[in-house]
Amino acid sequence: MAKQKELTRAERFKSYEHVFDHGTLRGLFKLSSQGYFDELKSPIKMGKEASVFSATKDDGLVCVKIYRIAANFKKMFDYMAADSRYVGLKKNKMAIIYAWARKEYRNLLRARSSGVKVPKPIAVFKNILVMEMIGNNGAAPQLNNSYPKDPKKFYENLISNVKKLYQDANLIHGDLSAFNILNDNQTPVMIDMSHAVDFQYPNNKELLERDIKIIVNYFNKFNLKIDYKKEVEKCIHKK
Ligand SMILES: Nc1ncnc2c1ncn2[C@@H]1O[C@H](COP(=O)(O)OP(=O)(O)OP(=O)(O)O)[C@@H](O)[C@H]1O
Ligand SMILES: [Mg+2]
């Protein structure tokens with residue numbers, strides 16, 4: 001009986017043969033066999049660096065992010081080489097992409113254990129990350145496509161999470177923008193944590209400043225008149 005079930009699972013995965021390379025297919029099959037998800041449902045975003053899918057899991061959904069083997073690993077390497085957590089990383093393409101996926105998993109875990117609103121990481125294997133699906137019925141929209149009803153309230157919630165990320169999880173997102181923030185029923189959730197670096201990163205202040213400037217510019221379009229420099233100081237200094 002179990003064998004029959006496995007066979008149908010293998011057959012179902014066969015339909016993705018033209019979408020993924022063999023290693024990725026094997027990884028997806030393994031994660032699914034281990035019970036992290038049942039099957040891929042639909043693509044949310046097919047990007048240059050990563051493809052993101054919704055996948056069924058029991059009665060709900062999880063999110064499966066697959067880093068493409070063709071990703072720009074040189075950029076990934078440069079980011080990691082300056083992060084004290086990745087000293088000694090070899091400049092080997094597959095090793096770098098796998099480390100990048102694990103880095104996102106670890107960053108999500110670290111952020112969550114400090115109470116920052118990010119998706120809960122579920123599993124990581126090679127270039128595949130399984131995480132909580134943000135949204136009620138399918139993926140929540142990016143902030144970029146879904147304006148907040150109360151921009152001031154949304155911003156304050158977001159900046160308090162950026163501060164918590166810095167002060168308690170000691171991380172800087174590093175690629176924060178309205179594309180990497182989901183509007184989950186008027187609650188901000190930061191995603192795409194693969195770039196996030198430890199706050200001991202060289203030029204950490206510039207990175208934090210860049211993140212904050214981008215979101216402040218976005219919210220100032222709603223007439224909020226926020227001074228990004230003051231916000232950076234508030235983030236860096238404890239109350
Ligand atoms: N946990 C999640 N829940 C719901 N939707 C998600 C989740 N993670 C990602 N998405 C959706 O997939 C899109 C792409 O995800 P993400 O930003 O992590 O990847 P990316 O920009 O392709 O990655 P990278 O910058 O690492 O190449 C997001 O903008 C969002 O719409
Ligand atoms: Mg993104």
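The coordinates are above.
Residues numbered from 1 in each chain as written. Chains lettered and ligands numbered in written order. Predicted model: local features only at pLDDT ≥ 70, side-chain atom pairs only at ≥ 80, totals over all residues. Heavy atoms only, no water.

1. A short note on the coordination of the magnesium ion (ligand 2)
Right, so step 1: Around the magnesium ion (ligand 2), the donor atoms from the protein are Asn180 (OD1) and Asp192 (OD), and they sit 2.2 Å away. Of the two residues, Asn180 sits in the loop between β6 (171-172) and β7 (181-184) while Asp192 sits in the loop between β8 (187-190) and β9 (197-198), which places them 12 residues apart along the sequence. (Donors = N, O, S within 2.8 Å, 3.2 Å for Na, K, Ca; no water. Helix = DSSP H or I, 4+ residues; strand = E, 2+ residues; numbered from the N terminus.)

2. Observations concerning the site of ligand 1
Right, so step 1: Close contacts around ligand 1 come from 22 residues, with Lys45, Glu49, Lys65, Gln142 and Asp192 the closest.
Right, so step 2: In this structure, a nitrogen atom belonging to ligand 1 sits 2.9 Å away from a main-chain N or O atom of Ile134.
Right, so step 3: A distance of 3.4 Å separates an oxygen atom of ligand 1 from a polar atom in the side chain of Ser194.
Right, so step 4: For ligand 1, whose unbound accessible area comes to 620 Å², protein coverage reaches 92%.
Right, so step 5: At the level of elements, β1 (39-46), β2 (50-57), β3 (60-67) and β5 (128-132) are the ones that each hand at least two residues to the shell around ligand 1.
Right, so step 6: Element by element, the count of residues in the shell around ligand 1 is highest for β3, at three residues.
Right, so step 7: Of the residues assigned to the shell around ligand 1, the class counts are 13 nonpolar, four polar and five charged.
Right, so step 8: Per-domain counts for the shell around ligand 1 show at least three residues from each of domain 1 (22-132) and domain 2 (143-236). (Near = heavy atom within 4 Å. Polar contact = N/O pair within 3.5 Å; in protein donor to acceptor, adjacent residues only side chain to side chain. Areas by Shrake-Rupley, 256 points an atom, 1.4 Å probe, with all protein chains shown as cover. Nonpolar A, V, L, I, M, F, W, Y, C, P; charged D, E, K, R; others polar. Domains from an automatic or database assignment.)

3. Description of the pattern of salt bridges
Right, so step 1: Throughout the structure, instances matching the rule amount to 10 salt bridges.
Right, so step 2: A salt bridge links Asp58 to Lys57; its shortest N-O distance comes to 3.6 Å.
Right, so step 3: Notably, a salt bridge pairs Glu156 with Lys152, separated by 3.2 Å at the nearest N-O pair. With a gap of four residues between them, Glu156 and Lys152 both fall in helix α5 (residues 151-167), about one helical turn apart.
Right, so step 4: The exposure class assigned to Glu156 is partly exposed, which follows from its relative accessible area of 41%.
Right, so step 5: If you follow the salt bridges from partner to partner, you end up with Lys65, Glu104 and Asp192 in one network. (Salt bridge = Lys/Arg side-chain N within 4 Å of Asp/Glu carboxyl O. Buried < 20%, exposed > 50% of the residue type's maximum accessible area, 1.4 Å probe, protein only.)

4. As for the pairing of β8
Right, so step 1: When β7 meets β8, the two strands line up antiparallel, connected through four bridges. Along β8, the bridge assignment pairs Asp184 with Thr187. (Pairing = 2+ DSSP bridges.)

5. Quick word on the packing of aromatic side chains
Right, so step 1: All told, the structure shown has 10 aromatic pairs when counted by the stated rule.
Right, so step 2: When the ring of Phe154 is compared with that of Phe219, the centres are 6.1 Å apart and the planes differ by 25 degrees; the resulting orientation is stacked. You can see Phe154 sitting in helix α5 and its partner Phe219 sitting in helix α6 (residues 204-220), a full 65 residues away along the chain.
Right, so step 3: Ring pairs connect the aromatic residues Tyr147, Phe154, Tyr155, Tyr218, Phe219 and Phe222, which therefore count as one cluster. (Phe/Tyr/Trp six-rings, centres within 6.5 Å; stacked < 30°, edge-to-face > 60°.)

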